[in-house]
Amino acid sequence: PCFNHGRFLREAIESVLAQTYPWIEILVVDDGSTDNTREVAAQYPHVRYVYQHNQGLSAARNTGIRHSTGDFLVFLDADDLLYPGAIACNVGYMQEQQDAAFVSGAHDVVSVDKKKLGDKAQVVTGDHYLTLLRGNYIGMHATVLYRRSIFTEFLFDETLKSCEDYDLYLKIARRYPVFHHTEKLTAYRMHGTNMSWNPTLMLQQILKVLKRQQAFLQSEKEKKAYRQGIRFYKVYYTVHLFKFLKKAGANAPKEGVAVLRRYNKYLYLRYLLRRLVPTVGLRL
């Protein structure tokens, strides 16, 4: 899927062409881009280009599903990269885990010029649904290889503005076996316009996704994991939101302030006190 990320698209395509696994089809779903996405895709004869009017990331992924023919599917956002052995690695695990609906792995976090900033490689040995309730241990969607047959039952929710991948993981893991490993497969590129840089949106959407699971919780363990997940994300994103609002100063969005007030009273009061500092002449 690509929306105005033509400047990154070439490297994403090249990372797929460099795969050691040979039997791959590449689809670029252009979600109404106004940049050079079409021109970049046209430079690669083996890439199938599909255009749609802007409908959002979930709709672009669903369009890709409908136009693809492979037995397994990987969703690589246009600003991210696959490492050369990524698909071969996950196909190997999928062949070993014959009952798995999807297989996921680890990833690096990189800068715009691909310098490593960090990584995420979490070991998951127990109940995957339970672990996902506590938090999204996958983190980056391109580390996931799906069995195509799962999309006869599930699609991405087009009403979600973000976290549609997390929503799908939870729905699938609740009903089917999944598998996770810690081999590095991908690079998640941070460039300042990633959706994950919007803590207000991310907190609202991730809580919406998690709360959808509340009706399906069957055991006390699941209920406890659910409560842990809610608490974790409230703290995680309000800390980021607090930092964002401080940096924004007088230009801080009202919606962000309202979200901070709703989900973290302590940080909201700290934010208000910092705003009052020039008036009352205090240092905090």
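Residues numbered from 1 in each chain as written. Predicted model: local features only at pLDDT ≥ 70, side-chain atom pairs only at ≥ 80, totals over all residues. Heavy atoms only, no water.

Some remarks on the overall build of the protein chain
- Helices and strands together make up the secondary structure of the protein chain, namely 10 helices and 8 strands.
- Expected size for 284 residues packed as a compact globule is a radius of gyration near 19 Å; at 20 Å, the protein chain falls within 12% of this value.
- Expressed along its principal axes, the backbone C-alpha trace of the protein chain runs to roughly 65 × 50 × 35 Å.
- By the burial criterion, 50% of the 284 residues in the protein chain qualify as buried.
- For the protein chain, long-range pairs separated by at least 24 residues make up 71% of all intrachain contacts whose partners lie at least 6 apart in sequence.
- Carbon and sulfur atoms make up 53% of the accessible area of the protein chain, which amounts to about 14700 Å² in all.
- Taking the average place of the 39 positive charges on the side chains of the protein chain and the average place of its 27 negative ones, the gap between the two points comes to 13 Å. (Helix = DSSP H or I, 4+ residues; strand = E, 2+ residues; numbered from the N terminus. Rg over C-alpha atoms; globule rule 2.2 N^0.38 Å. Buried < 20%, exposed > 50% of the residue type's maximum accessible area, 1.4 Å probe, protein only. Contact = heavy atoms within 4.5 Å. Areas by Shrake-Rupley, 256 points an atom, 1.4 Å probe, with all protein chains shown as cover. Lys, Arg positive; Asp, Glu negative; His and termini not counted. Charge placed at Lys NZ, Arg CZ, Asp CG, Glu CD.)

Considering helix H8 (residues 220-248)
- The end-to-end C-alpha separation of H8 is 42 Å, in line with the 42 Å expected for 29 residues at 1.5 Å each.
- All of the buried residues along H8 are Glu222, Ala225, Tyr226, Gly229, Ile230, Tyr233, Tyr237, Thr238, Leu241, Phe242 and Leu245.
- A positive phi of about 60° marks Gly249, the residue just after H8. (Expected span 1.5 Å × (residues − 1).)

With respect to the environment of Phe232
- As for its placement among the helices and strands, Phe232 is situated in helix H8.
- Residue Phe232 is classed as partly exposed on the basis of its relative accessible area of 41%.
- Sequence separation between Phe232 and Thr131 is 101 residues, and the spatial gap between their C-alpha atoms is 13 Å.

Regarding the packing of helix H6 (residues 164-175) against helix H7 (residues 199-211)
- Where H6 meets H7, the closest approach of the two axes is 9 Å, and the angle between their N-to-C directions is 15°. Classed by the angle they form, the pair H6 and H7 counts as roughly parallel. The interaxial crossing formed by H6 with H7 has right-handed handedness. Facing H6, whose interface residues are Tyr166, Asp167 and Leu170, H7 presents Ile206, Val209 and Leu210.
- Residue composition of the contact of H6 with H7, grouped by class: 5 nonpolar, no polar and 1 charged. (Axes fitted to C-alpha atoms, helices over the stretch in contact; angles between N-to-C directions. Parallel < 35°, antiparallel > 145°, perpendicular 65-115°, else oblique. Left-handed = near helix turned anticlockwise from the far one by under 90°. Nonpolar A, V, L, I, M, F, W, Y, C, P; charged D, E, K, R; others polar.)

Concerning the pattern of salt bridges
- Scanning the model with the defined rule gives 15 salt bridges in all.
- Ionic pairing is found between Asp108 and Lys184, a salt bridge with its closest N-O pair at 2.8 Å. You can see Asp108 sitting in strand S5 (residues 102-110) and its partner Lys184 sitting in strand S8 (residues 179-189), a full 76 residues away along the chain.
- Note that Asp119 is salt-bridged to Lys116, the shortest N-O span being 3.4 Å.
- The class of Asp119 is partly exposed, set by a relative accessible area of 44%. (Salt bridge = Lys/Arg side-chain N within 4 Å of Asp/Glu carboxyl O.)

Quick notes on the nonpolar core
- Core analysis: the largest hydrophobic core is formed by 50 residues, its most contacted members being Tyr146, Phe151, Tyr166 and Ile172.
- Looking at this core, the elements with two or more residues in it are helix H5 (128-134), H6, H7, H8, helix H9 (254-263) and helix H10 (265-280).
- With 8 residues, H8 is the single largest residue contributor to this core.
- Discounting residues that sit within four places of it in the chain, Phe151 has contacts with Ile65, Leu73, Phe75, Tyr146, Phe156 and Leu168. (Core = buried A, V, L, I, M, F, W, Y, C linked by side-chain atoms within 4.5 Å.)

Observations concerning unusual backbone geometry
- Phi at Asn4 takes a positive value of approximately 55°, unusual for a residue other than glycine.
- Note on placement: Asn4 falls in the segment before helix H1 (6-17).
- Given the relative accessible area of 23%, Asn4 is considered partly exposed.
- Look at Lys114: it is not a glycine, yet its phi comes out positive at around 70°.

Quick word on the packing of aromatic side chains
- Applying the stated criterion to the full structure yields 15 aromatic pairs.
- Cluster of aromatic residues (ring-pair linked, three or more members): Phe75, Phe102, Tyr146, Phe151, Phe156 and Tyr169.
- Sitting above the plane of the Tyr51 ring, Arg38 keeps its charged end 5.5 Å from the centroid.
- The lysine or arginine in question, Arg61, covers the ring of Phe156, its NZ or CZ lying 5.6 Å from the ring centre. (Phe/Tyr/Trp six-rings, centres within 6.5 Å; stacked < 30°, edge-to-face > 60°. Lys NZ or Arg CZ within 6 Å of the ring centre and 35° of its normal.)

A word on the side chain of Asp30
- Assignment of secondary structure puts Asp30 in strand S1 (residues 26-31).
- The buried charged residue Asp30 lacks any salt bridge partner; its closest oppositely charged side chain belongs to Arg38, at an N-O distance of 5.5 Å.
- Polar side-chain contacts of Asp30 include one of 2.8 Å to the backbone nitrogen of Ser33.
- Within the structure, Asp30 has its side chain in polar contact with the side chain of Tyr49 (distance 2.5 Å).
- Ignoring sequence-local partners within four residues, the contact set of Asp30 consists of Cys2, Thr37, Arg38, Tyr49, Val50, Tyr51 and Gln52. (Polar contact = N/O pair within 3.5 Å; in protein donor to acceptor, adjacent residues only side chain to side chain.)

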